[in-house]
Every structure is written in C-alpha cells, then in structure tokens.
Amino acid sequence: MSRLLVLQHLERERPGLFVNLAEERGFSVFTFRLDLGDSLPELTNGDLLLVLGGPMGIRDIGTSTYPWLVEEIGLIKEALNQGVGLIGVCLGAQLLAYAAGGDVEMIQEEVSHQPLAEIGWDNIFPHSLEDNFKLTRLLRHPFPVLHWHGDRILLPNSAELIASSCRCKEQLFSIGPLAYGMQFHVEIDDEMVNTWISEDHKFISSALGADGQSILKQQQKEFGHKTLDSRLEFLNTLFDLLLI
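Residues numbered from 1 in each chain as written. Predicted model: local features only at pLDDT ≥ 70, side-chain atom pairs only at ≥ 80, totals over all residues. Heavy atoms only, no water.

**Remarks on the overall build of the protein**
Scanning the protein from terminus to terminus reveals eight helices and 11 strands. Dimensions of the protein along its principal axes, counting C-alpha atoms only, are 45 × 45 × 35 Å. Across the 244 residues in the protein, those meeting the buried criterion constitute 51%. Long-range contacts, defined as pairs at least 24 residues apart, comprise 73% of the intrachain contacts of the protein with a sequence gap of at least 6. Carbon and sulfur atoms make up 48% of the accessible area of the protein, which totals about 11,200 Å². The centroid of the 18 positive side-chain charges in the protein is displaced by 3 Å from the centroid of its 34 negative side-chain charges. (Helix = DSSP H or I, 4+ residues; strand = E, 2+ residues; numbered from the N terminus. Buried < 20%, exposed > 50% of the residue type's maximum accessible area, 1.4 Å probe, protein only. Contact = heavy atoms within 4.5 Å. Areas by Shrake-Rupley, 256 points an atom, 1.4 Å probe, with all protein chains shown as cover. Lys, Arg positive; Asp, Glu negative; His and termini not counted. Charge placed at Lys NZ, Arg CZ, Asp CG, Glu CD.)

**Here we look at the sheet that holds strand β6 (residues 118–126)**
Spatially, the nine strands line up as an open sheet ordered β2-β1-β3-β4-β11-β10-β9-β6-β7, and their pairing is mixed. Each of the sheet's edge strands pairs with one partner strand only, and the pair in question is β2 (28–32) and β7 (143–149). Put simply, the sheet's adjacent strands are angled 25° from each other on average, direction ignored. Of the pairings in the sheet, the one linking β6 to β7 comprises seven bridges and is antiparallel in character. Looking across to β7, one finds that Glu118 is bridged to His149. The strands touched by helix α7 (residues 212–223) within the sheet are β6 and β7, with β6 carrying the most contacts at an inclination of about 40°. (Pairing = 2+ DSSP bridges. Axes fitted to C-alpha atoms, helices over the stretch in contact; angles between N-to-C directions.)

**Quick word on helix α8 (residues 228–242)**
Taking 1.5 Å of rise per residue, 15 residues should cover 21 Å, and α8 covers 21 Å from first to last C-alpha, within 8% of that figure. All of the buried residues in α8 are Arg231, Phe234, Leu235, Thr237, Leu238, Phe239, Leu241 and Leu242. (Expected span 1.5 Å × (residues − 1).)

**Digging into unusual backbone geometry**
You will see that Cys90, though not glycine, has its phi angle at about 60°, which is positive. Here Cys90 is to be found in the loop between β4 (85–89) and α3 (91–99). The class for Cys90 is buried, based on a relative accessible area of 5%.

**Considerations on the packing of aromatic side chains**
Throughout the structure, instances matching the rule amount to seven aromatic pairs. With 6.5 Å between their ring centres and 10° between their planes, Phe133 and Tyr180 make a pair best called stacked. Of this pair, Phe133 sits in the loop between β6 and α4 (134–138) while Tyr180 sits in strand β11 (residues 179–182), placing them 47 residues apart in sequence. Accessibility expressed as a relative area gives 22% for Phe133, which makes it partly exposed. Look at Tyr180 and you get buried, because its relative accessible area is 4%. Plain terms: the ring middles of Trp148 and Trp196 are 5.4 Å apart, the flat faces sit at 70° to each other, and that makes the pair edge-to-face. (Phe/Tyr/Trp six-rings, centres within 6.5 Å; stacked < 30°, edge-to-face > 60°.)

**Focus on the environment of Leu80**
Its location among the elements puts Leu80 in helix α2 (residues 68–82). Between the alpha carbons of Leu80 and Leu96 there is a distance of 9.1 Å; along the sequence they are 16 residues apart. Those residues within four positions of Leu80 in sequence are excluded, and the remaining contacts are Leu96, Ala100, Ile175 and Ala179.

**Focus: the packing of α2 against α3**
Orientation of α2 relative to α3, taken along the N-to-C sense of each, is 70°, at an axis distance of 9 Å. Taken together, the axes of α2 and α3 are roughly perpendicular relative to one another. Like other packed secondary-structure pairs, α2 and α3 cross with a definite hand, here right-handed. Every residue of α3 that contacts α2 at Leu69, Glu72, Ile73, Ile76, Lys77 and Leu80 is listed here: Leu95, Leu96, Tyr98 and Ala99. Among the residues making up the contact of α2 with α3, the classes are represented as eight nonpolar, no polar and two charged. (Parallel < 35°, antiparallel > 145°, perpendicular 65-115°, else oblique. Left-handed = near helix turned anticlockwise from the far one by under 90°. Nonpolar A, V, L, I, M, F, W, Y, C, P; charged D, E, K, R; others polar.)

Here's what the structure looks like:
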C-alpha cells in the first residue's frame, strides 16, 4: 500500500485536507515529528512525502535550536534524486527550494521597503495565462488562499514558477515532474486557522496591526467554507499529477 509520509514541525500546523484525500486514495498516512525526537522515514517507490509549515526557517538551518532541519533537507534531496513525489507547504516549500539550490529573503513593503509579512486570504493567479497546465487552468478564475509567511522564496534555476500573488511572486512552483512547493495554505480548516489566530498574535500584529486577529477571523468566516470545493479540486489535481 502506498504511504503519505508527513513531516510536521509543530502541533498546530497539521496536514488537514491532505489526510482526507490520501486516505480516500488508499494511502496509509504516517506523521513524523523530528522536533519531538522522531527519526526520518525511509523512502520507497510509491511514497508521497509531504513537508508542512512552521515558524522556523532557512536561517535556522544548522542552529542548535532546530538541528533536524539539516536532516529534513537531506531527505528532500533524496526524494528529488529518487523520483519520490513531494509536496512542500510554506516552510516545506522553502526547504524544497533550498534543497535544490534556492534561498529566501524577507518580504518587503512596496513603498518603505521594510519587512512586512503576507498574512490573510488573498488571490493567487497563474504566472502564464497561455499555459494549459492542469493547475494553471484552475487558477484562471479568482482563487483565494490563506497566506501566513514573512519570507519569499528565491527559486533555484531548476524550478518552474506556476503562480503568484500580488505581494509575493513565488507562490506555487515545481521542480521536475514530481515535486511541488506552495507558499500558501490550502490544507486548513476552521479549527486550525482559529488556533493559529489565537497562538500567533505577535506575528499577526506585526503585519496587520492591533486589529489583525479580528481581521483574520472575519476573513476566515468569509473564505474558509466558500473555498473548500476549489481547494479540494486543487489538491486532487496535485495528487493526480504526482501519482501518474
């Protein structure tokens, strides 16, 4: 039986909708918490590796606080070399890009050029409207997703940019036919987002001000349920591309 191998970095950033879809397709789902002392899984043919998000980042690689990041990058490189399907979400997308030779830098406010995180629901759109790629076709209509990050990805030469947002160009990309990175979150449900809003107050207020939590709660009410079908279609299409 095929396996979905999930690398999770903290309790509140769970795989969400990925688990539902994987189980519907007959996958066994295994979650690994290197931050809690778990060992890395061994990759085999037919596996799908999912690397989730977290507040740590590329600048933390090699530090004593997150020593396991080096191990994760090694596993990502192994997946790329072996042709194992891989999805990176937020931090996972940054680690994927880094493993292939990319980097990150802070998102800056357009006028002041000061660091300003991208947080909240906003549209992503295709990099090329002429592309007939399956994921691109889904993004030709307004496609709101949840953003929750302070860095933008500097893509390696091997990456193909698929979609962007107004604030951050590098939102969705591929590296080869079997690895995809998304800077945004489509896997979330209301419970997950409400936990993030409750626990990440400092990060939220740095980007949205003192009313940031209220703003995000209202956005989640507006977009969370309304976008569920489009997010599921996006993830199903992504699974189809990786399981050919």
